[in-house]
Amino acid sequence: VDQLKSQFLSTAAHELRTPLTSLLGFSEILLNKQDLGKEQEVKYLRYINEESLKLATIINDFLDISRIESGKGISLNKMDYSVRDTIERSMHIFDEQINTRHKFEFDYPAESLNWKIDQDKMEQVLKNIYSNAIKYSPKGGKVATTVRKVKDSIEIAIADEGMGMTAKQLNQIFERFYRGDDFGIEIPGSGLGMTIVKYILEAHGGKIGVKSEPDKGTRVVISVPCDIK
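As a starting point, this report considers the structure included with it. A quick note: this is a predicted structure, and the numbers were derived from the prediction, not measured.

Digging into the pairing of strand 4 (residues 141-150)
1) Next: Pairing of strand 2 (residues 102-107) with strand 4, which is carried by six bridges, proceeds in the parallel orientation. Looking across to strand 4, one finds that Glu105 is bridged to Ala144.
2) Next: Two elements, strand 4 and strand 5 (residues 153-159), share seven bridges in a ladder whose sense is antiparallel. Note on strand 5: the bridge partner recorded for Thr145 is Ile158.
3) Next: In this structure, the hairpin formed by strand 4 and strand 5 is closed by a connection of two residues, where Lys151 is found at a positive phi of approximately 55°.

In structure tokens form, the structure reads like this:
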């Protein structure tokens, strides 16, 4: 228990410090530099916005894992939503990456699909998976999403062309605080994202599967019951 507490505190301190340092630095520039042009101001404000989003994500991860560890689990407010709308809502924070370094492709079925979910929680799942696809594809490439209905479930497959994972790394991705440190580069994040993703999907009665090979990319498949009567 003491070891886990120490690991948690170390991870929390490191992950919170990084965006906070950026927020302080860029805000000081905006406050103290009087000769900044409009373009530079927008650039620094964009940095502040991005780092704020990272900070919010990290804090939410810690709060979620705290609720899970305390036995409270994840409470859901399930309503009927369009699958496509949920995916598109989750993509807003990646607007800068779309069609720049990474190319996003979406394959939706002809019929409109709905599911009964907690919209915010399912967006959290998708944002985490897309964020990983970007982070683990530092050279860019295609991120392809395929949506289909399989019996009474919605299946979403998200595949990237990134660095991929070894069998050992694949076995650890749902472990708390695992951040893929043996990739040769430091991967940002709390190391809790995929743990929480798994809990959220299981709370919906769903599941997640991951296939990956080094230098061949990663394919994540989530399956969630439609629950539409």
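Let's talk about the packing of aromatic side chains
1) Next: Under the defined criterion, the tally for this structure stands at five aromatic pairs.
2) Next: Geometrically, the ring pair formed by Tyr44 and Tyr47 is tilted, given 6.4 Å between the ring centres and 45° between the ring planes. Of this pair, Tyr44 and Tyr47 both sit in helix 2 (residues 38-69), three residues apart, which is roughly one turn of that helix.
3) Next: Ring pairs connect the aromatic residues Phe26, Tyr44 and Tyr47, which therefore count as one cluster.

Digging into unusual backbone geometry
1) Next: The phi torsion at Lys151 lies on the positive side, around 55°, for a residue other than glycine.
2) Next: With respect to the element layout, Lys151 can be found in the loop between strand 4 and strand 5.
3) Next: For Lys151, a relative accessible area of 76% puts it in the exposed group.
4) Next: Although it is not a glycine, Asp215 sits at a positive phi angle of roughly 65°.

Side note on helix 3 (residues 83-90)
1) Next: What helix 3 keeps buried is the set Val83, Thr86, Ile87 and Ser90. Looking straight down helix 3, one finds its buried side chains confined to an arc of 95°; they lie on one side.
2) Next: Of the surrounding elements, those touching the buried residues of helix 3 are strand 1 (79-82), strand 2, strand 3 (114-117), helix 4 (119-135), strand 4 and strand 5.
3) Next: Measuring from the backbone nitrogen of Arg84 back to the side-chain oxygen at the start of helix 3 gives 3.3 Å, which picks out Ser82 as the cap.

Thoughts on the side chain of His102
1) Next: Position of His102 among the secondary structure elements: in strand 2.
2) Next: Exposure remark for His102: the relative accessible area of 3% places this residue in the buried category.
3) Next: Engagement of the side chain of His102 in a polar contact is seen with the backbone oxygen of Ser137, the distance being 2.9 Å.

Examining the nonpolar core
1) Next: If you look at the biggest cluster of nonpolar residues, it comprises 40 residues, and the most contacted ones within it are Tyr130, Ile156 and Ile222.
2) Next: For this core, the element with the highest residue contribution is helix 4, accounting for seven residues.
3) Next: Filtering out sequence-adjacent residues up to four positions away, Ile156 remains in contact with Val83, Ile87, Trp115, Leu126, Thr145, Thr146, Val147, Val220, Val221 and Ile222.
4) Next: The next biggest cluster of nonpolar side chains, apart from the first, holds six residues, and it includes Leu23, Phe26, Leu36 and Ile48.

Here we look at the sheet that holds strand 6 (residues 207-213)
1) Next: Here five strands make up an open sheet; going across it, the order is 2-4-5-7-6 and the pairing mixed. The sheet is open, and its two borders are formed by strand 2 and strand 6, each paired with just one other strand. Strand-to-strand twist in this sheet, taken as the mean axis angle between neighbours without regard to direction, amounts to 15°.
2) Next: Where helix 3 meets the sheet, its contacts fall on strand 2, strand 4 and strand 5, and the angle it forms with strand 5 comes to roughly 35°.
3) Next: Here helix 4 sits on the sheet and contacts strand 2, strand 4, strand 5 and strand 7 (217-225); the angle it forms with strand 7, its principal contact strand, is near 170°.

Quick word on the pattern of salt bridges
1) Next: Scanning the model with the defined rule gives eight salt bridges in all.
2) Next: Lys127 is paired through a salt bridge with Glu123; the nearest N and O atoms lie 3.8 Å apart. Of this pair, Lys127 and Glu123 both sit in helix 4, separated by four residues, roughly a single helical turn.
3) Next: A relative accessible area of 7% places Glu123 in the buried class.
4) Next: It is possible to trace a salt-bridge network through shared partners that takes in Arg89, Glu123 and Lys127.

Thresholds, definitions, all that
Residues numbered from 1 in each chain as written. Predicted model: local features only at pLDDT ≥ 70, side-chain atom pairs only at ≥ 80, totals over all residues. Heavy atoms only, no water. Pairing = 2+ DSSP bridges. Helix = DSSP H or I, 4+ residues; strand = E, 2+ residues; numbered from the N terminus. Phe/Tyr/Trp six-rings, centres within 6.5 Å; stacked < 30°, edge-to-face > 60°. Buried < 20%, exposed > 50% of the residue type's maximum accessible area, 1.4 Å probe, protein only. Arc of directions from axis to C-beta. Contact = heavy atoms within 4.5 Å. Polar contact = N/O pair within 3.5 Å; in protein donor to acceptor, adjacent residues only side chain to side chain. Core = buried A, V, L, I, M, F, W, Y, C linked by side-chain atoms within 4.5 Å. Axes fitted to C-alpha atoms, helices over the stretch in contact; angles between N-to-C directions. Salt bridge = Lys/Arg side-chain N within 4 Å of Asp/Glu carboxyl O.

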